[in-house]
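Below, each chain spelled out in residue letters.
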Amino acid sequence: MTMPAPIANLMAAGAPARLMAARRSTRPLLQILALPLSVLAIWEIAGRAGLLSEAILPWPSLALEGWYTWAFGPTGIGLNAYSGTWLSNVIHSAQRVFLGYALAICVGVPLGTLIGWNQTVARVIDPTLQGLRPVPITAWLPFSIALFGVHDFGAISLIALGSFYPIVVNSTHGARDVNKNLIRATLMLGGTRRQLFFRVVFPSALPAICTGLRVGIGVAWTVVIVAEMVAVKSGLGYVLWDAYYVGRMDIVIADMVSIGLLGFLSDRVIIMIEGQILGWKKLQQV
Amino acid sequence: MPDYAIQIGKVEKVYGGKLPVHALTGIDLTIVNGEFVAMLGPSGCGKSTLLNLIAGFEEPSAGEIRVFDQIVVAPGPDRAVVFQEPALLPWLTVWDNIVFGPKLRHLAIGQYQDLALEYLVTVGLEGFERHLPDQLSGGMKQRVGIARALLARPRVLLMDEPFGALDAQTRLQMQQLLLDVWERQRRTVMFITHDIDEAILLADVVYIMTARPGQLRSRIEINLPRPRNLDLLMEDDFNQIRREIFDQLRAEVLSLPKSPIRLK
């Protein structure tokens, strides 16, 4: 095996350490990108070679082109109903997710921690909650349309309900799991039940609550798409279904990627916030 | 009438359920104010249960417990506890853990700041105020727990095998620390342990407990002079007491076949 001349020179010059470091940092990136890039490349090549039908599976460059017009094209032109509407649809969907998710947090976190902490609350609420939970969120669709009509609140209430479940269940679990000695220590120092809840039970439950929040945001993006397909006339879910109907599969693909990106971004935001609040938890995991 | 810190009369503790466990039976015990008492016994003999009853974490099934003539009904800062696991709040800094009690009781900062600082120095944690518990070693965490308990200004200090989870060297260090603090304050202490040396080194009185159901088997006064230090561990007087206690404990452990675990 012969060594390429530049590398051999570097090693001779006594810089192997730096070279190794450079290699180490590029290799993982290559490993990460290898699979998606090859899939995209094969897909593109197959498309251009005429192996794919544009009406069913447009290849990446076509989807990108469709996306570009959707995002930056002029609005109000009859020829392309989607032109320039990407941002407003993203905002519609994100707004619904945000409102529904915020509602779920406002109800789910306090309720969940109370169920975990207080036996009476648990007995009164938990069985009902566990009884309703197996009903899939999609099964609530007809009911929500009947109740709210084709209106924003239908979608928002579904998102709230969908992300509420994981949030409430994880919060309950977190509040139930509090180290008994922390409770005893607080009581012997003179803490009241109320202080126990706010200063010990709630902070102890935070890691579990954060887990619930992460699962919840995923559910929220799933539900917004389903709800928009059926219950409202705007947003990424609506466009997804509408584009399918008119045969714009390039928009369908662009839409799917947009949803994925938004879900990914909102998850990162939650992880960032979690990292800020739960610094102490990370210490325990080392 | 002597000044009693703790009076325990005919206390029983039975844990119910399908297989009831008789943890304590016929416990009669008085502890004089300012006494350092060690409870020594095999594991599972109910030492910790007794401490939990005095702390107010659990209720006796029969009998009553008085601390300074008040019947114990709930936990409170007059009976501060040092736990085996330090039981610190992991999201609070060392300082915030130490002053957690006064803050819960809404005391003005001026009422506890100086004393808290003093205890922080006493337990050798100055410079670590802003660290989180999980950045500390086991011994350091336990020292935070001790400072926190002392700051409650308890009339009785309850210690539940506080050094049981520490390595041998750290344990010696902590025992010396506790001796120094106690000999200055002479507060009533009830100290649970299964370590004979530790009991003799620290205590004025050692009680030996029987295996389950826990009873008091004997009371041994430790008349070794104070102030004490770790050198005591090497002395003849110490070893004589040690032998006496060891023989009693061995008899106790050998009587265990009542329990499901057999000892060879």
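Residues numbered from 1 in each chain as written. Chains lettered and ligands numbered in written order. Predicted model: local features only at pLDDT ≥ 70, side-chain atom pairs only at ≥ 80, totals over all residues.

Further remarks concern the overall build of chain A. Helix and strand counts for chain A come out as 12 helices and 0 strands. Ordered by position from the N terminus, the helices and strands of chain A form the series α-α-α-α-α-α-α-α-α-α-α-α. Every one of the 286 residues in chain A was classed for burial, and the buried ones make up 33%. Partitioning the intrachain contacts of chain A with sequence separation of at least 6 by distance along the chain shows that 68% fall at a separation of at least 24. (Helix = DSSP H or I, 4+ residues; strand = E, 2+ residues; numbered from the N terminus. Buried ≥ 20, exposed ≤ 12 C-beta atoms within 10 Å, placed from the backbone. Contact = placed C-beta atoms within 7 Å.)

On to the nonpolar core, then. Residues Ile159 of chain A together with Val37, Leu40, Ile54, Leu158, Met190 and Phe191 of chain B are the most contacted members of the largest nonpolar core, which totals 129 residues. Per element, the largest residue contribution to this core is 16 residues, and it comes from helix α9 (residues 193–230) of chain A. Leaving out residues up to four positions away in the same chain, leucine 40 of chain B has contacts with Thr193, His194, Ile196, Ala199, Val206, Tyr207, Ile208, Met209 and Ile245 of chain B. (Core = buried A, V, L, I, M, F, W, Y, C linked by C-beta atoms within 7 Å.)

Moving on, we get to the sheet that holds strand β10 (residues 216–221) of chain B. Residue and element names in this part refer to chain B. With respect to topology, 6 strands assemble into an open sheet ordered β6-β7-β8-β3-β9-β10, the strand pairing being mixed. Both edges of this open sheet fall to β6 (79–82) and β10, since each of them pairs with a single strand only. Recorded for the sheet is a direction-independent mean angle of 20 degrees between the axes of neighbouring strands. Taken together, the 4 bridges between strand β3 (residues 36–40) and strand β9 (residues 205–209) define a ladder with parallel strand orientation. By the bridge assignment for β9, alanine 38 is matched with valine 206. Relative to β9, helix α8 (residues 236–254) is tilted by about 20 degrees, and along the sheet it contacts β3, β9 and β10. (Pairing = 2+ DSSP bridges. Axes fitted to C-alpha atoms, helices over the stretch in contact; angles between N-to-C directions.)

Now for the domain arrangement of chain B. Residues and elements named next belong to chain B. Structurally, chain B comprises domain 1 (1–78 + 170–264) and domain 2 (86–153). When each unit is reduced to the centre of its C-alpha atoms, the spacing between domain 1 and domain 2 is 26 Å. On the side of domain 2, 7 residues touch domain 1, which itself brings 6 residues to the contact. Grouping the constituent residues of the side of domain 1 that touches domain 2 by class yields 4 nonpolar, 2 polar and no charged. (Domains from an automatic or database assignment. Nonpolar A, V, L, I, M, F, W, Y, C, P; charged D, E, K, R; others polar.)

With that out of the way, let us pick up the interface of chain B and chain A. Taken together, the 22 residues of chain B in the interface contact 16 residues of chain A. Listing elements by their share of the side of chain B that touches chain A, those giving two or more residues are β6 and α3 (100–104) of chain B. Taken together, the residues that form the side of chain B that touches chain A break down as 15 nonpolar, 3 polar and 4 charged.

This brings us to helix α11 (residues 249–277) of chain A. Residues and elements named next belong to chain A. When the terminal C-alpha atoms of α11 are compared, their 42 Å separation across 29 residues agrees well with the 42 Å that a helix rising 1.5 Å per residue should span. When α11 is considered as a whole, its buried residues turn out to be Asp250, Ile251, Val252, Ile253, Ala254, Asp255 and Ser258. Elements in contact with the buried residues of α11: α3 (60–72), α4 (86–117) and α10 (236–245). (Expected span 1.5 Å × (residues − 1).)

Residues and elements named next belong to chain B. Structurally, valine 189 is set in strand β8 (residues 188–193). With 25 C-beta atoms packed within 10 Å, valine 189 lands in the buried category. Spatially, the C-alpha atoms of valine 189 and methionine 159 are 7.4 Å apart, while their sequence positions differ by 30 residues. The residues touching valine 189, leaving out its near neighbours within four places in the chain, are Phe36, Val37, Leu157, Met159 and Trp182.

It is worth spelling out the domain arrangement of chain A at this point. By convention, interface size is frequently given as the accessible area that disappears when the constituent parts associate. Entries for chain A in the domain assignment read domain 1 (5–52) and domain 2 (86–285). Each of domain 1 of chain A and domain 2 of chain A has a C-alpha centre, and the two are 39 Å apart.

Residues and elements named next belong to chain B. For β3, the buried fraction is high: 5 of the 5 residues fall into the buried class. The two faces of β3 match: Phe36, Ala38 and Leu40 on one face and Val37 and Met39 on the other face are all buried. As paired elements, β3 and β8 share 5 bridges and run parallel to each other. Each residue of the ladder has a partner; that of leucine 40, found in β8, is threonine 193.

A separate point is the sheet that holds strand β4 (residues 62–67) of chain B. Overall, antiparallel pairing links the 4 strands, which are arranged β2-β1-β4-β5 (chain B) in an open sheet. Whereas interior strands pair on both sides, the edge strands pair on one side only; in this sheet they are β2 (21–32) and β5 (70–71) of chain B.

In this section: unusual backbone geometry. Residues and elements named next belong to chain B. In this structure, proline 227 follows arginine 226 across a cis peptide bond, with omega equal to -5 degrees. Its place among the elements puts proline 227 in the loop between β10 and α8. Of note, the phi angle at histidine 106 is positive, near 55 degrees, even though the residue is not glycine. With respect to the helices and strands, the residue histidine 106 is situated in the loop between α3 and α4 (109–122). With phi around 45 degrees, arginine 153 is a residue other than glycine that occupies positive phi space.

Let us look at the pairing of β10 of chain B. All names here are of chain B. Sheet analysis places β9 next to β10, joined by 5 bridges and oriented antiparallel. Note on β10: the bridge partner recorded for valine 206 is isoleucine 220. Turn length for the β9-β10 hairpin, with the two strands adjacent in sequence and antiparallel, is 6 residues.

Here we come to the packing of helix α8 (residues 180–188) of chain A against α9 of chain A. Residue and element names in this part refer to chain A. Look at α8 against α9: their axes get within 11 Å of each other, and the N-to-C directions meet at 155 degrees. The pairing of α8 with α9 is recorded here as roughly antiparallel in orientation. When the axes of α8 and α9 are compared, the crossing they make is right-handed. Judged by residue contacts, Leu182, Ile183 and Thr186 of α8 engage Gln195, Leu196, Val200 and Ser204 from α9. (Parallel < 35°, antiparallel > 145°, perpendicular 65-115°, else oblique. Left-handed = near helix turned anticlockwise from the far one by under 90°.)

This part covers the confidence of the model for chain A. The predicted model of chain A has a mean per-residue pLDDT of 89, with 90% of residues at 70 or higher. Contacts for the low-pLDDT stretch residues 1–14 of chain A, under 50 throughout, to residues beyond four places or in other chains number 4 contacts. (pLDDT = per-residue confidence, 0-100.)

Across its 32 residues, α4 of chain A extends 45 Å between first and last C-alpha, which sits within 8% of the 46 Å expected from 1.5 Å per residue. Along its length, α4 of chain A shows its largest kink, about 25 degrees, at glycine 108 of chain A, and proline proline 110 of chain A lies within four residues downstream of that point. (Bend = angle between axes of the 7 residues up to and from the residue.)

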